[in-house]
Amino acid sequence: MKKIVIYTKNYCPYCKMASAMLKRKGADFTEVDVTNDEDTFKVAKEKSGSRTVPQIFIDDKFIGGFDDLAALESSGDLVTTLGL
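Structural notes, computed from the coordinates. (Residues numbered from 1 in each chain as written. Predicted model: local features only at pLDDT ≥ 70, side-chain atom pairs only at ≥ 80, totals over all residues. Heavy atoms only, no water.)

**Focus: a nonpolar patch on the surface**
Then, number 1: A cluster of nonpolar side chains, contributed by Met1, Val79 and Leu84, occupies part of the molecular surface with about 290 Å² of accessible area.
Then, number 2: With a relative accessible area of 69%, Met1 lands in the exposed category. (Patch = residues over 30% accessible without salt bridge, like charges linked within 9 Å, V, L, I, M, F, W, Y side chains within 5 Å. Areas by Shrake-Rupley, 256 points an atom, 1.4 Å probe, with all protein chains shown as cover. Salt bridge = Lys/Arg side-chain N within 4 Å of Asp/Glu carboxyl O. Buried < 20%, exposed > 50% of the residue type's maximum accessible area, 1.4 Å probe, protein only.)

Rendered as structure tokens:
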């Protein structure tokens, strides 16, 4: 199984939708709440090149945010990408 990590903030609706989509797919993932953790968020931003949340990584590769996750779902590629 692939390692899936999603960086979120507790007030972000896109973070909630991304987490919900991963749960519906049965993905085993780690959610890192960076709402009050600017140091961890800074590391994620440096790794991804993105300044927004959610930030979704699969096997340490940045795949994007909610829109990118939704696009994978629409194309039928999400299950394969998640390694399910």
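Continuing now.
**Description of helix α2 (residues 38-48)**
Then, number 1: The complete set of buried residues in α2 reads Phe41, Ala44, Lys45 and Ser48. Down the axis of α2, the smallest arc covering the buried residues is 100°, so these residues share one side. Of the residues in α2, the exposed ones pointing more than 90 degrees away from the buried face are Asp39 and Glu46.
Then, number 2: On its buried face, α2 sits against β1 (4-8), β3 (55-58) and β4 (61-64).
Then, number 3: Phi turns positive one or two residues past the end of α2, at Gly49, with a value near 80°. (Helix = DSSP H or I, 4+ residues; strand = E, 2+ residues; numbered from the N terminus. Arc of directions from axis to C-beta. Contact = heavy atoms within 4.5 Å.)

**As for the side chain of Ser50**
Then, number 1: Looking at the secondary structure, you find Ser50 in the loop between α2 and β3.
Then, number 2: The exposure class assigned to Ser50 is buried, which follows from its relative accessible area of 16%.
Then, number 3: There is a polar contact of 3.4 Å between the side chain of Ser50 and the backbone nitrogen of Thr52. (Polar contact = N/O pair within 3.5 Å; in protein donor to acceptor, adjacent residues only side chain to side chain.)

**Thoughts on the pairing of strand β2 (residues 29-33)**
Then, number 1: In terms of strand pairing, β1 meets β2 through five bridges, oriented parallel. Paired with Tyr7 across the two strands is Val32, which belongs to β2.
Then, number 2: Each parallel crossover has a hand, and the one from β1 via helix α1 (residues 13-24) to β2 is right-handed. (Pairing = 2+ DSSP bridges. Right-handed = clockwise from strand over helix to strand, strands pointing away.)

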